Amino acid sequence: MSEQTGSGGLNEYIQHHLQQNTIDLGGFAFHIDTWVVSLVCGLIFIGWFGFYARKATSGVPSKGQAFVEMAMEFVDNQVKDNFHGDRSSITPLAITIFMWVVLMNGMDLLPLDTPGVAIQAVAGADVAAHTFFRWVPTADLNTTAAMSVVVFFLILYHSLKAKGGFGFGKELLTSPFAAENPVTRAVLMPANLGLNIIEYCVKPVSLAMRLFGNMYGGELVFMLIAGLLGGGLLMFVPGVIFNLAWAIFHILIVLLQAFIFMILSVVYIAGAYESH
């Protein structure tokens, strides 16, 4: 893939790596690479944590069990600080979000050209040049939007569970602007409903765009650095140094963005139990 950098330029190299592997489903572009990598990361999480959950002992834990317990305790403490109620379903949701997003974000730390090099070794350079594979699911807006929509419906579910249909509907119409006079209250209802709809819609949008924006930006930086590595011997050493430095810094981004997505999801769900 580095040959593309030299022959087609950095712009063509980046454009190639930004293409998704898609199939057309009646006008809808289904991103196969995003779906496959997301599924694999999810199965890795389930298999990993499930294995140590079944093998857990009360004695001295193994390193793997200790890590799983540490991750569970960390997430549970964060949920406990932000959700004051029954955590039996919230903590599993939070640990799933956190670890799944960490694994998907972590794909950005793998060598960028690995899929292309593997395809070129098996099928040749021409096939590799026309085969696209992006293996950072969270750099695809479809992934972050889908996860955020699920969180949005969970917020609605918990709102209805906590307040009931009548209570939830009343809150949408009578807050944040309240009034004692029935006429004034009726006049304010459209404004209250509009503001509440905006508030609820902003939550999934902010979740999706924050994670997508950070991971997409990080992916672009790796592509630019990879372009340096393909720019000849003069740029090879600086490219390696920049790539290593960015990768070390990006580890913090990978973990931080997973934590932010997880903690905001918990905070939004906790807010469903609060009255305006």
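Treat the numbers as computed from the prediction; the structure is a model and nothing was measured.

Some details on the UniProt feature "transmembrane region" (unreviewed entry) in the chain
Stage number 1. Mapped onto this numbering, the UniProt entry gives "transmembrane region" (unreviewed entry) at residues 35–53, 90–107, 141–160, 220–241 and 247–270.
Stage number 2. As annotated, residues 90–107 has a helix share of 94% and a strand share of 0%, and its two end C-alpha atoms lie 26 Å apart.
Stage number 3. The span residues 141–160 carries 100% helix and 0% strand; its end-to-end C-alpha distance comes to 28 Å.

Thoughts on the environment of A118
Stage number 1. As for its position among the elements, A118 is in helix α5 (residues 114–123).
Stage number 2. Placed 10 residues apart in sequence, A118 and A128 show a C-alpha to C-alpha distance of 8.5 Å.

A few points about empty space enclosed by the protein
Stage number 1. In this structure the tally under the stated criterion is one cavity of 30 Å³ or more.
Stage number 2. Of the voids in this model, the largest cavity is the one considered here, and its volume is about 70 Å³.
Stage number 3. In terms of lining, the largest cavity is formed by 10 residues, of which the most central are H16, H17, G116, T131 and F133.
Stage number 4. Mapped by element, the contributors of at least two residues to the lining of the largest cavity are α1 (2–17) and α5.
Stage number 5. Top element by residues in the lining of the largest cavity is α5. It accounts for three residues.

Some words on the pattern of salt bridges
Stage number 1. By the definition in use, this model includes four salt bridges.
Stage number 2. Residue R87 pairs with D76 through a salt bridge whose shortest N-O separation is 3.2 Å. Placement of the pair is R87 in the loop between α3 (63–82) and α4 (90–106) and D76 in helix α3, with a sequence separation of 11 residues.
Stage number 3. Judged by relative accessible area, R87 falls into the partly exposed class, the value being 29%.
Stage number 4. Residues E171 and K163 are paired through a salt bridge, measuring 2.7 Å at the closest nitrogen-oxygen approach.
Stage number 5. We classify E171 as buried; its relative accessible area is 10%.

Looking at unusual backbone geometry
Stage number 1. With omega at 10°, the peptide bond leading from S175 into P176 counts as cis.
Stage number 2. Tracing the sequence through the fold places P176 in the loop between α7 (141–174) and α8 (182–229).

A closer look at the packing of α3 against α4
Stage number 1. Orientation of α3 relative to α4, taken along the N-to-C sense of each, is 120°, at an axis distance of 9 Å. For the element pair α3 / α4, the angle class is oblique. Crossing of α3 over α4 shows right-handed handedness. Seen from α3, the contacting residues are A71, M72, F74, V75, D76 and V79; seen from α4, they are I90, T91, A94, I95 and F98.
Stage number 2. Classifying every residue of the contact of α3 with α4 gives nine nonpolar, one polar and one charged.

A closer look at the environment of P115
Stage number 1. Among the secondary structure elements, P115 is positioned in helix α5.
Stage number 2. Discounting chain neighbours no more than four positions away, the residues touching P115 are F133 and W135.

Quick look at the packing of aromatic side chains
Stage number 1. Tallying each qualifying case throughout the model produces 13 aromatic pairs.
Stage number 2. Here F152 and F153 contribute two aromatic rings whose centre-to-centre distance is 5.6 Å and whose plane-to-plane angle is 70°, an arrangement assigned as edge-to-face.
Stage number 3. By relative accessible area, which is 17% here, F152 ends up buried.
Stage number 4. The lysine or arginine in question, K203, covers the ring of Y200, its NZ or CZ lying 5.0 Å from the ring centre.

Examining a nonpolar patch on the surface
Stage number 1. Nonpolar side chains collect at one region of the surface, where W35, V36, L39, V40, L43, I44 and I46 lie side by side and expose about 640 Å² of accessible area between them.
Stage number 2. By relative accessible area, which is 48% here, W35 ends up partly exposed.

Examining the side chain of E219
Stage number 1. Turning to its location among the elements, E219 is positioned in helix α8.
Stage number 2. When residues no more than four places from it in sequence are discounted, the contact partners of E219 are L18, D108, R134, V136 and A139.

Some thoughts on the environment of M147
Stage number 1. Mapping M147 onto the fold places it in helix α7.
Stage number 2. By relative accessible area, which is 10% here, M147 ends up buried.
Stage number 3. Between the alpha carbons of M147 and V267 there is a distance of 15 Å; along the sequence they are 120 residues apart.

Thoughts on α4
Stage number 1. The end-to-end C-alpha separation of α4 is 24 Å, in line with the 24 Å expected for 17 residues at 1.5 Å each.
Stage number 2. Counting buried positions along α4 gives 13 out of 17 residues, so the element sits mostly inside the fold.

About the cut-offs
- Residues numbered from 1 in each chain as written.
- Predicted model: local features only at pLDDT ≥ 70, side-chain atom pairs only at ≥ 80, totals over all residues.
- Heavy atoms only, no water.
- UniProt positions renumbered as here; feature names shortened; annotations may be inferred.
- Helix = DSSP H or I, 4+ residues; strand = E, 2+ residues; numbered from the N terminus.
- 1 Å grid on protein atoms, 1.4 Å probe; cavity = no way out; pocket = protein on both sides within 12 Å on 5 of 7 lines; lining within 4 Å.
- Points joined across faces, edges and corners; volume = space filled by probe spheres on them.
- Salt bridge = Lys/Arg side-chain N within 4 Å of Asp/Glu carboxyl O.
- Buried < 20%, exposed > 50% of the residue type's maximum accessible area, 1.4 Å probe, protein only.
- Axes fitted to C-alpha atoms, helices over the stretch in contact; angles between N-to-C directions.
- Parallel < 35°, antiparallel > 145°, perpendicular 65-115°, else oblique.
- Left-handed = near helix turned anticlockwise from the far one by under 90°.
- Contact = heavy atoms within 4.5 Å.
- Nonpolar A, V, L, I, M, F, W, Y, C, P; charged D, E, K, R; others polar.
- Phe/Tyr/Trp six-rings, centres within 6.5 Å; stacked < 30°, edge-to-face > 60°.
- Lys NZ or Arg CZ within 6 Å of the ring centre and 35° of its normal.
- Patch = residues over 30% accessible without salt bridge, like charges linked within 9 Å, V, L, I, M, F, W, Y side chains within 5 Å.
- Areas by Shrake-Rupley, 256 points an atom, 1.4 Å probe, with all protein chains shown as cover.
- Expected span 1.5 Å × (residues − 1).

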